[in-house]
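Each chain, written out:
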Amino acid sequence: MEEVVRLGVQKTRKLYIGGSFNRSESGRSRPVYQAGGKKFLANVCLASRKDLRDAVQAARKALTAWRAKTAYNRGQILYRMAEMMESRRSELETELAQATGMKENEAREETSMAIDRVIYYAGWCDKIVQVVGNANPVAAPYFNFTIPEPVGVVGVVCPNENPLLSFISLVIPIVAGGNSTVCLASEKYPTVAVCLAEIFATSDLPGGVINILTGNRSELLGPMASHMDVNALALAGISLEEEKEAQMAAAENVKRVRVYRENKSTPWTSLAWENIDVIADYMELKTVWHPIGS
Amino acid sequence: MGRKTKTLAKTERQTKLKKVSSAEPSHQIIQFGKIWPYAPAPESTKIVNIQPRYELFINGKFVPPRSGQYFDVINPANEQKLCEVAEAGEADVDAAVRAARQAYEKIWRKMPGKERAKYIFRIARILQERSREFAVLETINNGKPIRETRDFDVPMSAAHFFYYAGWADKLNYLIPGREVAPLGVAGQVIPWNFPLLMAAWKIAPALAAGNTVVLKPAETTPLTALLLAEVIQQAELPPGVVNIVTGAGATGALLVSHPDVDKVAFTGSTAVGKKILRAIAGTGKKATMELGGKAANIVFEDAPLDQAVEGIVNGIYFNQGHVCCAGSRLLVQESVAEIVLRKLMRRMETLIVGDPLDKNTDIGAINSRMQLKKIQELTQVGLQEGAQIYQKRCELPSKGFWYPPTFFTNVAQSSRIVREEIFGPVLTIQTFRTPEEAIEKANNIAYGLSAGVWTEKGSKILKMASQLQAGVVWANTYNKFDPSSPFGGYKESGFGREGGRQGLLDYVKIL
């Protein structure tokens, strides 16, 4: 009897919106190929503007409960995300290697760094307020204090370089601060972020806190920057023209916009990305004057 | 958003205030003010010497504008011309930025923090020494009561310089474990409502962090900034560290979009703030935006009501309501709405509107004809929308720009006078039943600068404070400021902070 070669099962790559995996409402997708450009890897959804709006709505809905969680609890959930990444790290490594063509050991190293970076930020959740905020010695009988609060819904545009590590370096500190996000995955290597979505979906992360879209930046950056229910933008891997256009559109509701450019001294693999800066970039400062008296 | 507004509007109709009754019968209250009226107590203006013409302050000297243009500056309380002031054009702004750049590269950034600190301390001290002069000049130029300039604007300005001076040699304590560096040249554009104080808020942290400055005061109120330039000369601050260019919006636009300006700091309207953000898009300039507001001042039934009424009055009528963080929306719990309104009307009758130089005056002149028109237009809109108006009965001077303390009832969350910043002594009054409804109404607005909460219950204060989308929350007080206390907005009220450690962070980069 002739031996039957088992046919592999290909996975449909979907958008991650509000905790569920959907195809684009537009029904559009595009094929992506393994590094080298010949071998078919997957059909990846091309998110539409409607998908973006749905993702913003999901992020807004998730925000209330996420920011209301205790900082300790958010830290626990981030740590759980790292645990799930660790247990499913072979998937991440495979996706990374297939998509980018990096060597096995390089993929392993990037995955390790990504997991460690999530742990790093998990530990920040219940310390941010102490480091960014403080009491103020006002010259009047008031207990006056300044504390950071999450800015709200943050739109994140991820670059192509180190698609796993750069995604983690931007998105995790933003959610550590209590924000919810709508992330546009690396345009060139979207499958890595889709894999992450599948891992996050099996962690304790509430649906809607991290929403992940795959698609064309040229279609989605504009609507993201002008969306009136997006409070801030984290932009990486974009051109100077895109930066300008995004900032022009963002002015309409005075979004907080940060543009992150990696340079030779700070590649995404650098430990320079492990600090409080990105967390603090997406915190609002609230000052309260509480009376002192009888 | 749209749907939410409609639902609120409906609730509003159900909980509409009963028709406002007039003040309590007079036999219950002895109004001493009517028996013994206040005698005039005018502050002497002798201490101020207003020159016929003011030049630009560039590189430590007063220089005539290359533009050759001057504009008139008036006293808004009597419309008399005070002087003419140089209008900086492109070449002037460029000269000022070049002076600032040179001072930055050659002197200020290299100077040890200890020495920078001493210069800033000097400015603080000289301001204190010349405080009366500043107070009188500010009142003449701005129209705000002398009591406010004397007791608030000037001492608070000096306090800001004093506070930030001490930071100049302690920048390594700004962020734990991190080194910081100045940004370079700061282009700063300030409004007319607190002319000297806004200059202090802008200049003091910038200098402490090691930046140099080009400041553009508002077109109607440049005089105290120019007097500050004299103080800066007396303090022997190195030439070019602070430059002051006067002019209107066009001058401001030239300054913020100058390619050699590294940091833009703006205080003013949200509309202009958005224009600036678009103008500097893609340039990599850092920005601080302190924009408009429409703050909710929330009074609960368990509040100390007399104190709350003082807070309502201070919240909206302080500085003629020309305050970005003014408590312009009173949200009062339904159960005490009637009594609070009655107390408010009674208190309004005792407010003295008139000569800003009189030490008894509570409410001075509106800063400009343009602003007066805007207030009048928006109150007209309120009337057209069916709101019920109440204005203090008082005589207003025939010359100058004046508007009586005013409030509106019968307004909806969707009313324009509830949603738009009026920037005048006009209050809107809404009611609520539950804390959740108060939060919903307070937050359902594009702005998020400040809020007030009045209750005797401390835990309620902190609960409300945590849910209000506002950069500053005052509990059982309003319009309090301190150099150590960060001030700034959420949402369309801008970003960045002024005051405190956080205010300094906006003038440095982290290495």
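Residues numbered from 1 in each chain as written. Chains lettered and ligands numbered in written order. Predicted model: local features only at pLDDT ≥ 70, side-chain atom pairs only at ≥ 80, totals over all residues. Heavy atoms only, no water.

Caption draft 1: Quick peek at the overall build of chain B. Looking only at helices and strands, chain B has 17 helices and 20 strands in total. At 23 Å, chain B has a C-alpha radius of gyration in line with the 24 Å of a compact globule built from 511 residues. Seen through its C-alpha atoms, chain B measures out along the principal axes to roughly 70 × 50 × 35 Å. Expressed as a percentage of the 511 residues in chain B, the buried residues total 63%. For chain B, long-range pairs separated by at least 24 residues make up 76% of all intrachain contacts whose partners lie at least 6 apart in sequence. For chain B, the exposed area adds up to about 19400 Å²; of that, 52% sits on carbon and sulfur atoms. (Helix = DSSP H or I, 4+ residues; strand = E, 2+ residues; numbered from the N terminus. Rg over C-alpha atoms; globule rule 2.2 N^0.38 Å. Buried < 20%, exposed > 50% of the residue type's maximum accessible area, 1.4 Å probe, protein only. Contact = heavy atoms within 4.5 Å. Areas by Shrake-Rupley, 256 points an atom, 1.4 Å probe, with all protein chains shown as cover.)

Caption draft 2: Layout of the overall build of chain A. Scanning chain A for helices and strands turns up ten helices and twelve strands. Relative to the 2.2 N^0.38 estimate, which gives 19 Å for 294 residues, the radius of gyration of chain A is 20 Å and therefore close to what a compact globule would have. Along the longest, intermediate and shortest principal axes, the C-alpha atoms of chain A span 95 × 35 × 35 Å. Taking all 294 residues of chain A together, 56% fall into the buried category. Sequence-distant contacts in chain A: of pairs separated by 6 or more residues, those separated by 24 or more amount to 76%.

Caption draft 3: View of helix α11 (residues 305-317) of chain B. Residues and elements named next belong to chain B. A rise of 1.5 Å per residue sets the reference length of α11, with its 13 residues, at 18 Å; its end C-alpha atoms lie 18 Å apart and thus fit the reference within 8%. Residues L305, A308, V309, G311, I312, V313, G315, I316 and Y317 constitute the buried set of α11. After α11 finishes, the residue N319 shows a positive phi value of roughly 60 degrees. (Expected span 1.5 Å × (residues − 1).)

Caption draft 4: Highlighting the sheet that holds strand β1 (residues 53-54) of chain B. Residues and elements named next belong to chain B. The strand order across the open sheet formed by three strands is β1-β5-β4, and the pairing between neighbours is mixed. Strands at the two margins of the open sheet, each flanked by one partner only, are β1 and β4 (70-74). The sheet contact formed by β4 and strand β5 (residues 81-86) spans five bridges and is antiparallel. Note on β5: the bridge partner recorded for Y70 is A86. Most of the contacts of helix α8 (residues 223-234) go to β5, to which it runs at about 65 degrees, and overall it touches β1, β4 and β5. (Pairing = 2+ DSSP bridges. Axes fitted to C-alpha atoms, helices over the stretch in contact; angles between N-to-C directions.)

Caption draft 5: Focus on the nonpolar core. All names here are of chain B. In this structure, F161, L228, V299 and F407 are the most contacted members of the largest nonpolar core, which totals 118 residues. Broken down by element, this core gets its largest block of residues, eleven residues, from helix α7 (residues 195-208). If you count residues domain by domain, this core takes at least three from each of domain 1 (3-34 + 293-475) and domain 2 (56-291 + 493-510). (Core = buried A, V, L, I, M, F, W, Y, C linked by side-chain atoms within 4.5 Å. Domains from an automatic or database assignment.)

Caption draft 6: Structural detail: the interface of chain A and chain B. Taken together, the contacts link 34 residues of chain A with 41 residues of chain B. Across the chain A to chain B interface the summed buried area is about 3000 Å²; carbon plus sulfur atoms make up 53%. In terms of surface lost to chain B, no three residues of chain A exceed A:V254, A:K286 and A:W289, which account for 21% of the buried area on that side. In this structure, B:R497 engages A:E284 in a salt bridge whose closest nitrogen and oxygen atoms are separated by 3.5 Å. Connecting chain A to chain B are 24 residue pairs in polar contact (both at pLDDT 80 or more). (Buried area = accessible area lost by both parts, 1.4 Å probe. Salt bridge = Lys/Arg side-chain N within 4 Å of Asp/Glu carboxyl O. Polar contact = N/O pair within 3.5 Å; in protein donor to acceptor, adjacent residues only side chain to side chain.)

Caption draft 7: Layout of a nonpolar patch on the surface. Residues and elements named next belong to chain B. The grouping of F32, I35 and W36 at the surface amounts to a nonpolar patch, some 380 Å² of accessible area in total. Relative to the helices and strands, W36 resides in the loop between α2 (32-35) and β1. On the accessibility criterion, W36 (59% relative accessible area) is exposed. (Patch = residues over 30% accessible without salt bridge, like charges linked within 9 Å, V, L, I, M, F, W, Y side chains within 5 Å.)

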